[in-house]
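Notes for the structure review
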Amino acid sequence: MGSQPRIDYIPSALPTPAGIDDISDENISRTIDVNLGGTFKSFKIFGRFIQETSQTGSIVNLTSVDGVIGEPYGVIYSATKAGIFLPRNHSLESLTSPL
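For clarity, every value in this text was computed on a predicted model and none was experimentally measured.

1. Some thoughts on the overall build of the protein chain
Helix and strand counts for the protein chain stand at four helices and zero strands. Counting every position in the protein chain, which comprises 99 residues, the buried fraction comes to 26%. A separation of at least 24 residues holds for 55% of the contacts in the protein chain among residues at least 6 apart in sequence.

2. Regarding the pattern of salt bridges
Considering all chains together, one arrives at one salt bridge under this definition. A salt bridge links K41 to D33; the nearest nitrogen and oxygen atoms lie 3.7 Å apart. For D33, a relative accessible area of 44% gives the class partly exposed.

3. Some points on the packing of aromatic side chains
In total, this model carries one aromatic pair according to the counting rule given. Seen from their ring centres, F40 and F43 are 5.9 Å apart, and the 85° between their planes marks the pair as edge-to-face. Remark: F43 and F40 occur in helix 1 (residues 25-53); sequence separation between them is three residues, near one turn of the helix. The partly exposed category is assigned to F40, whose relative accessible area is 41%. For F43, a relative accessible area of 7% translates into the label buried.

4. Brief notes about helix 3 (residues 75-83)
Among the residues of helix 3, I76, Y77, S78, T80, K81 and G83 are the ones counted as buried. Of the surrounding elements, those touching the buried residues of helix 3 are helix 1 and helix 2 (66-69).

5. Things to note about unusual backbone geometry
Positive phi is not limited to glycine here, since Y73 has a value of about 60°. Note that Y73 resides in the loop between helix 2 and helix 3. Given the relative accessible area of 59%, Y73 is considered exposed.

6. Some details on the side chain of T80
Note on placement: T80 falls in helix 3. Within polar-contact distance, the side chain of T80 engages the side chain of N35 at 3.0 Å. Apart from residues no more than four positions distant in its own chain, T80 is found in contact with T31, I32, N35 and L36.

7. As for the side chain of N35
You can see N35 is positioned in helix 1. On the basis of relative accessibility, which here comes to 1%, the residue N35 falls in the buried class.

8. As for the packing of helix 1 against helix 3
Any two packed helices are characterised by the angle at which their axes cross and by the distance between the axes. In the contact formed by helix 1 and helix 3, the axes pass within 9 Å of each other and the chain directions differ by 30°. Between helix 1 and helix 3, the crossing angle belongs to the class labelled roughly parallel. The handedness of the crossing between helix 1 and helix 3 is right-handed. Between helix 1, through I28, T31, I32, N35 and L36, and helix 3, the contact on the second element is made entirely by I76, Y77, T80, K81 and G83. Here the contact of helix 1 with helix 3 is built from residues that sort into five nonpolar, four polar and one charged.

Rules used in this analysis
- Residues numbered from 1 in each chain as written.
- Predicted model: local features only at pLDDT ≥ 70, side-chain atom pairs only at ≥ 80, totals over all residues.
- Heavy atoms only, no water.
- Helix = DSSP H or I, 4+ residues; strand = E, 2+ residues; numbered from the N terminus.
- Buried < 20%, exposed > 50% of the residue type's maximum accessible area, 1.4 Å probe, protein only.
- Contact = heavy atoms within 4.5 Å.
- Salt bridge = Lys/Arg side-chain N within 4 Å of Asp/Glu carboxyl O.
- Phe/Tyr/Trp six-rings, centres within 6.5 Å; stacked < 30°, edge-to-face > 60°.
- Polar contact = N/O pair within 3.5 Å; in protein donor to acceptor, adjacent residues only side chain to side chain.
- Axes fitted to C-alpha atoms, helices over the stretch in contact; angles between N-to-C directions.
- Parallel < 35°, antiparallel > 145°, perpendicular 65-115°, else oblique.
- Left-handed = near helix turned anticlockwise from the far one by under 90°.
- Nonpolar A, V, L, I, M, F, W, Y, C, P; charged D, E, K, R; others polar.

Rendered as structure tokens:
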């Protein structure tokens, strides 16, 4: 191993067990900010980190099966996890231009 700094993984998720009629606006906003906003902010930060330290590396994005099949009392969590399936275009952007 070289002396370059290294980040192996960083997990993030905010489960919000509540039915659509019971979840507060604050909880909806917080779940979206953590699960979606955190994902995109991580792409930006760690993509830049890869470019500045080594020019090689991978960002592997994992999400929950709840984003595909859903779960009772997990509508907001499932919706945000479904949104994480979409960022493939980020890798395509990185191939054509710097972050």
